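So the chains spell out like this:
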Amino acid sequence: MKFRRIAIIMALTLALTACVSNTGTAPQGGGTGTEVADQTQSQEVVTDVSDNTAAEPVSDPEPEPEPEPEPLPEPEDPAPFEFITDCGTTTLNGYTVKPIPDNEAFEYILGMNGGMNLGNAFDASDCTWLSNEMDYESAWCGAKTTTAYIDSLCREGYNVLRVPVSWHNHVDSEFNISEEWLARVGEVVDYALSKDMYVIINIHHDVDKKYFYPDSEHLDNTLKYTETIWRQLAYYFRDRSDKLIFECINEPRLKGTNNEWWFSSENDTVLDAYDALMRANQRFVDTVRDTGGNNADRYLMVCGYCHIPSSTVSENFSLPYDTADNKIIVSVHSYRPYEFAGDVSGTSSFGDKEERENKQVFSSLYDRFVANGIPVIIGEYGCIDKCNPIDRVNYYEFMGECSALYTIPIIAWDNNVVNNTGSVLSESFGFIDRATGNVVHQDLVDAMTDDYVK
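All of these numbers come straight from a predicted model, not from anything done at the bench.

A. Structural context of the overall build of the protein. Scanning the protein from N- to C-terminus turns up 12 helices and 12 strands. Looking at the protein as a whole, 53% of its 454 residues qualify as buried. Long-range pairs, those at least 24 residues apart, make up 76% of the contacts in the protein with a sequence separation of at least 6. Within the structure as shown, the protein displays about 21000 Å² of accessible surface, and the carbon and sulfur contribution to it stands at 48%.

This is the structure:
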């Protein structure tokens with residue numbers, strides 16, 4: 001399966017050709033700070049309005065016949081939104097390959113190959129049995145992050161590492177971050193950057209009324225926490241390369257309520273949460289940009305309610321205003337269908353029905369964002385081990401195909417939990433041993449990375 005490699009090579013080749021032959025400048029989409037609306041590829045032409053002030057009448061009893069008017073030139077249509085390659089008639093396994101927008105943001109994400117989450121490491125939280133905060137890194141996953149693990153990722157074809165981090169167990173009452181904890185996160189980030197990987201860091205399991213809670217009642221504290229944490233992180237990482245991406249928050253939701261995992265545009269409580277989240281996203285962008293250096297135009301990721309795709313493509317979501325041009329990436333998570341991907345007691349087969357549901361996620365994200373020049377990353381996806389290796393291989397292969405078809409990079413969730421029991425094991429998303437770097441599930445790794453040159 002070499003679909004994505006072929007698509008990317010074709011796209012980059014055509015992009016170079018277009019740079020040589022194209023003398024015009026196409027309008028660029030995205031990054032305007034206004035809500036994304038459904039658009040067509042051409043816009044209505046606004047005609048010039050002449051001065052309609054009345055003139056003094058002139059007496060002319062026998063005017064000369066008016067000459068035949070010269071035909072007006074056909075009005076020029078505004079330049080359509082430009083794409084790197086228009087391959088809309090090409091099909092892959094019965095699906096249409098979507099055009100790739102021609103802008104700097106998509107040149108950036110076209111460099112992304114396979115992605116992996118460093119899950120259950122720095123995002124471990126509320127481990128009350130620990131006396132040393134530095135033990136949090138291994139509290140949930142059982143291992144400290146090693147260079148061998150990151151080296152193994154690179155050898156296998158991954159070049160995107162998402163590093164989820166929970167900060168609230170490592171701050172004082174004014175939200176000042178522990179220097180030792182931040183330095184350890186920085187050590188892992190810097191090593192991955194030295195391997196020429198894209199790296200994403202975020203605020204992860206900090207959704208709590210004491211820290212980040214998206215509703216109007218807790219808005220002031222949420223904005224304070226967002227600004228205080230991100231100002232420290234932005235200054236610390238200010239001079240890192242543009243391959244370091246900042247992601248505002250993980251799965252912001254009304255934790256502990258009936259609406260925690262469900263989005264409804266008709267629920268006033270959820271809409272209040274959405275408004276608070278949009279304000280937090282804006283505070284995040286403003287804070288990072290204010291720190292200057294490479295942060296002035298660093299790529300930033302924001303999400304909708306709880307990272308749910310349907311909430312993000314809804315009209316309730318809007319991009320924050322940004323002083324940098326088209327440097328906002330939309331982030332969603334997708335464990336679909338949940339009864340297959342995340343429910344231990346659910347189904348174990350991946351077939352046509354499951355393919356259709358996942359394709360709908362990609363299609364809706366493409367139509368709302370990608371087609372309008374706004375990049376999207378699926379920051380988490382995956383399916384637990386139910387002793388169904390063939391179906392899991394089919395799932396990861398299909399997700400890779402969709403990623404190539406819609407130009408939406410995907411980052412698998414790996415929590416270092418490997419199922420060797422011969423029975424269904426909850427939360428078993430492990431692929432590569434975190435301590436040794438040994439590949440445990442080569443079939444799944446190959447399903448994710450066979451599209452990339454190793």
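Next comes the rest of the account.
B. Expanded view of the nonpolar core. Membership of the largest hydrophobic core comes to 122 residues, with the highest contact counts inside it found for W167 and F246. A total of 10 residues in this core trace back to one element, the largest contributor, which is helix α7 (residues 268-290). The residues touching W167, leaving out its near neighbours within four places in the chain, are I177, W181, L182, V185, N202, I203, D206, Y225, I229 and L233.

C. Spotlight on helix α6 (residues 219-236). End to end, α6 covers 26 Å across 18 residues, agreeing with the expected 26 Å (1.5 Å per residue, within 8%). On its buried side, α6 packs onto α5 (179-194), β7 (198-202), β8 (244-247) and α7.

D. Inspection of the pairing of strand β6 (residues 158-163) at higher detail. Along β6, 6 of the 6 residues are buried, which leaves the element largely enclosed by surrounding structure. Where strand β5 (residues 114-117) meets β6, 4 bridges bridge the pair, whose relative direction is parallel. Each residue of the ladder has a partner; that of G115, found in β6, is V160. In terms of strand pairing, β6 meets β7 through 4 bridges, oriented parallel. Residue pairing for β7: L161 is matched across the bridge by V199. Regarding topology, α5 serves as the crossover connection from β6 to the parallel β7, and that connection is right-handed.

E. Representation of the packing of aromatic side chains. Under the defined criterion, the tally for this structure stands at 23 aromatic pairs. For the ring pair Y381 and Y395, a centre distance of 6.1 Å and an interplane angle of 40° mean the geometry is tilted. Of this pair, Y381 sits in strand β11 (residues 376-381) while Y395 sits in helix α11 (residues 389-406), placing them 14 residues apart in sequence. Residue Y381 is classed as buried on the basis of its relative accessible area, which comes to 3%. The buried category is assigned to Y395, whose relative accessible area is 0%. Members of the aromatic cluster, each reached through a chain of ring pairs, are F340, F350, Y381, Y395, Y396, F398 and F431. Sitting over the face of the ring of Y299, K327 holds its NZ or CZ atom 4.9 Å from the ring centroid. Note that R434 overlies the ring of Y149, its terminal NZ or CZ placed 5.1 Å from the centroid.

F. Representation of the environment of D272 in the model. Note that D272 resides in helix α7. Judged by its relative accessible area of 26%, D272 falls in the partly exposed class. Ignoring any residue separated from it by four or fewer positions in sequence, one finds D272 in contact with D215 and S216. Here S216 takes part through its side chain, which lies 3.0 Å from a polar atom of the side chain of D272.

G. Highlighting α7. Between its first and last C-alpha, α7 extends 33 Å over 23 residues, near the 33 Å set by a 1.5 Å rise per residue. Of the residues one or two after α7, G292 is the one with positive phi, at around 70°.

H. Representation of the confidence of the model for the protein in the model. For the protein, the average pLDDT comes to 83, and 78% of its residues sit at 70 or higher. Low pLDDT (under 50) marks residues 1-90, which in the prediction has 103 contacts with non-local residues, meaning those over four places away or in another chain.

I. Layout of the sheet that holds β7. Spatial ordering of the closed barrel is given by β5-β6-β7-β8-β9-β10-β11-β12, a layout of 8 strands whose pairing is parallel. For this sheet, the mean angle separating the axes of adjacent strands, direction not counted, is 30°. Sheet contacts for α6: β7 and β8; angle to β8, the most-contacted strand, approximately 175°.

J. Layout of the layout of surface pockets. Taken as a whole, the largest pocket encloses approximately 1000 Å³ of empty space. Around the largest pocket, the lining is made up of 31 residues, and of these E251, W261, C306, Y335 and Y338 lie nearest the centre. Counting only elements with at least two residues in the lining of the largest pocket, the list comes to α8 (309-312) and β10 (328-334). Tallied by class, residues from the lining of the largest pocket come to 12 nonpolar, 11 polar and 8 charged.

K. Structural view of the packing of helix α10 (residues 352-368) against α11. One way to put it is that α10 packs onto α11 with a least axis distance of 10 Å and a crossing angle of 25°. With respect to α11, the element α10 is oriented roughly parallel. The element α10 and its partner α11 pack so that their crossing is right-handed. Counting all contacts with α10, which are made through E355, N358, K359, F362, S363 and Y366, the residues of α11 involved are Y395, F398, M399, C402, S403 and Y406. Looking at the contact of α10 with α11 residue by residue, the classes come out as 7 nonpolar, 3 polar and 2 charged.

Criteria and cut-off values
Residues numbered from 1 in each chain as written. Predicted model: local features only at pLDDT ≥ 70, side-chain atom pairs only at ≥ 80, totals over all residues. Heavy atoms only, no water. Helix = DSSP H or I, 4+ residues; strand = E, 2+ residues; numbered from the N terminus. Buried < 20%, exposed > 50% of the residue type's maximum accessible area, 1.4 Å probe, protein only. Contact = heavy atoms within 4.5 Å. Areas by Shrake-Rupley, 256 points an atom, 1.4 Å probe, with all protein chains shown as cover. Core = buried A, V, L, I, M, F, W, Y, C linked by side-chain atoms within 4.5 Å. Expected span 1.5 Å × (residues − 1). Pairing = 2+ DSSP bridges. Right-handed = clockwise from strand over helix to strand, strands pointing away. Phe/Tyr/Trp six-rings, centres within 6.5 Å; stacked < 30°, edge-to-face > 60°. Lys NZ or Arg CZ within 6 Å of the ring centre and 35° of its normal. Polar contact = N/O pair within 3.5 Å; in protein donor to acceptor, adjacent residues only side chain to side chain. pLDDT = per-residue confidence, 0-100. Axes fitted to C-alpha atoms, helices over the stretch in contact; angles between N-to-C directions. 1 Å grid on protein atoms, 1.4 Å probe; cavity = no way out; pocket = protein on both sides within 12 Å on 5 of 7 lines; lining within 4 Å. Points joined across faces, edges and corners; volume = space filled by probe spheres on them. Nonpolar A, V, L, I, M, F, W, Y, C, P; charged D, E, K, R; others polar. Parallel < 35°, antiparallel > 145°, perpendicular 65-115°, else oblique. Left-handed = near helix turned anticlockwise from the far one by under 90°.

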